[in-house]
Amino acid sequence: MNGNEPWRVFCAVEIPEPVRQTVLRHIAVLKGAVPDVKATWCRDANLHLTLKFLGEISQTLVPDVPTAASRAVAGLAQFSVCLEGTGAFPKQGQPRVLWVGINDSSGRLNELHARLDDELASAGFAKDDRAFHPHLTVVRLRQPRHARTLAVAHRQLGFEPADIPILELLVIRSELSSEGSKYTVVSRHELEQPDKR
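The text that follows walks through the structure, step by step, so that each part is easy to find. (Residues numbered from 1 in each chain as written. Predicted model: local features only at pLDDT ≥ 70, side-chain atom pairs only at ≥ 80, totals over all residues. Heavy atoms only, no water.)

Within the largest apolar cluster, 54 residues are counted, with the highest numbers of intra-cluster contacts made by Leu-51, Val-65, Leu-83, Leu-150 and Leu-169. Broken down by element, this core gets its largest block of residues, five residues, from helix α2 (residues 64-73). Not counting the four nearest positions on each side in its chain, Leu-169 is found in contact with Cys-11, Ala-12, Val-13, Leu-51, Ala-69, Val-73, Leu-112, Leu-116, Ser-187, Arg-188, His-189 and Leu-191. (Core = buried A, V, L, I, M, F, W, Y, C linked by side-chain atoms within 4.5 Å. Buried < 20%, exposed > 50% of the residue type's maximum accessible area, 1.4 Å probe, protein only. Helix = DSSP H or I, 4+ residues; strand = E, 2+ residues; numbered from the N terminus. Contact = heavy atoms within 4.5 Å.)

In structure tokens form, the structure reads like this:
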């Protein structure tokens, strides 16, 4: 870290390669179904399940994020969630984001998010002011034209359920450029392996 440029930082969990390939196939079908839509499609390198987006923060505060992440995962065992279901934001009106949903039936992802939010708040970062609704963004729509058609195709296509093991929490830096966002992992924080006794 050098200089005074703020860093865009977020905390996320990785999507395993086979699941990423399923998401990319879903995206390819949608692109083929509605080729003229003006949209920003999620790329392979950017497929993460975001738990907390901190936005632009001073470089002097960056080390506080891994410290909070380490505390958040302390004592938590690894678990799984299920990637399933499709939808759009906002629910009413012109769709701007299409997503694949997360089924957190155990509530453990919600617990991890709450712990991370609390630890980051203790370090001076703002708490999330909206309820946590985990999802995987597949496309951001830039213009209204064909947006509804794409949203309907996305909903009709559906998404075959896929398990995502939650093994570690990542702190990631995002750098914006004309080619899209470049992500760099700042730190990794492993959850505990289940007791095999």
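Before going further, it helps to examine the pattern of salt bridges. Pairs can form between side chains of opposite charge whenever their charged atoms are close. Counted under the stated rule, the structure contains 10 salt bridges. Of the charged contacts in the structure, one is a salt bridge between Glu-111 and Arg-115, with a shortest N-O distance of 3.8 Å. With a gap of four residues between them, Glu-111 and Arg-115 both fall in helix α3 (residues 108-122), about one helical turn apart. For Glu-111, a relative accessible area of 35% gives the class partly exposed. (Salt bridge = Lys/Arg side-chain N within 4 Å of Asp/Glu carboxyl O.)

This next bit is on the sheet that holds strand β6 (residues 135-141). Pairing is antiparallel across the open sheet formed by five strands, whose spatial order is β2-β6-β5-β4-β7. The sheet terminates laterally at β2 (39-41) and β7 (162-166), the two strands that pair on one side only. The mean angle between the axes of side-by-side strands here comes to 30°, regardless of whether they run parallel or antiparallel. With six bridges joining them, strand β4 (residues 79-89) and strand β5 (residues 97-103) adopt antiparallel strand pairing. Considered in β5, the bridge of Gly-87 is made with Trp-99. (Pairing = 2+ DSSP bridges. Axes fitted to C-alpha atoms, helices over the stretch in contact; angles between N-to-C directions.)

Now for α2. For α2, every residue scored as buried is listed here: Val-65, Pro-66, Ala-68, Ala-69, Ala-72 and Val-73. Axial view of α2: buried residues confined to an arc of 160°, hence all on one face. Here the buried face of α2 lies against β1 (7-14), β3 (48-57), α3, β8 (168-175) and β9 (182-190). (Arc of directions from axis to C-beta.)

We now examine the packing of α2 against α3. Between α2 and α3, the shortest axis-to-axis distance is 8 Å and the interhelical angle comes to 140°. The orientation of α2 relative to α3 falls into the category oblique. In this structure, the crossing between α2 and α3 has a hand that is right-handed. When α2 is examined against α3, the residues Val-65, Ala-68, Ala-69, Arg-71, Ala-72 and Val-73 are found in contact with a partner set consisting of Leu-112, Arg-115, Leu-116, Glu-119 and Leu-120. When its residues are assigned to classes, the contact of α2 with α3 shows eight nonpolar, no polar and three charged. (Parallel < 35°, antiparallel > 145°, perpendicular 65-115°, else oblique. Left-handed = near helix turned anticlockwise from the far one by under 90°. Nonpolar A, V, L, I, M, F, W, Y, C, P; charged D, E, K, R; others polar.)

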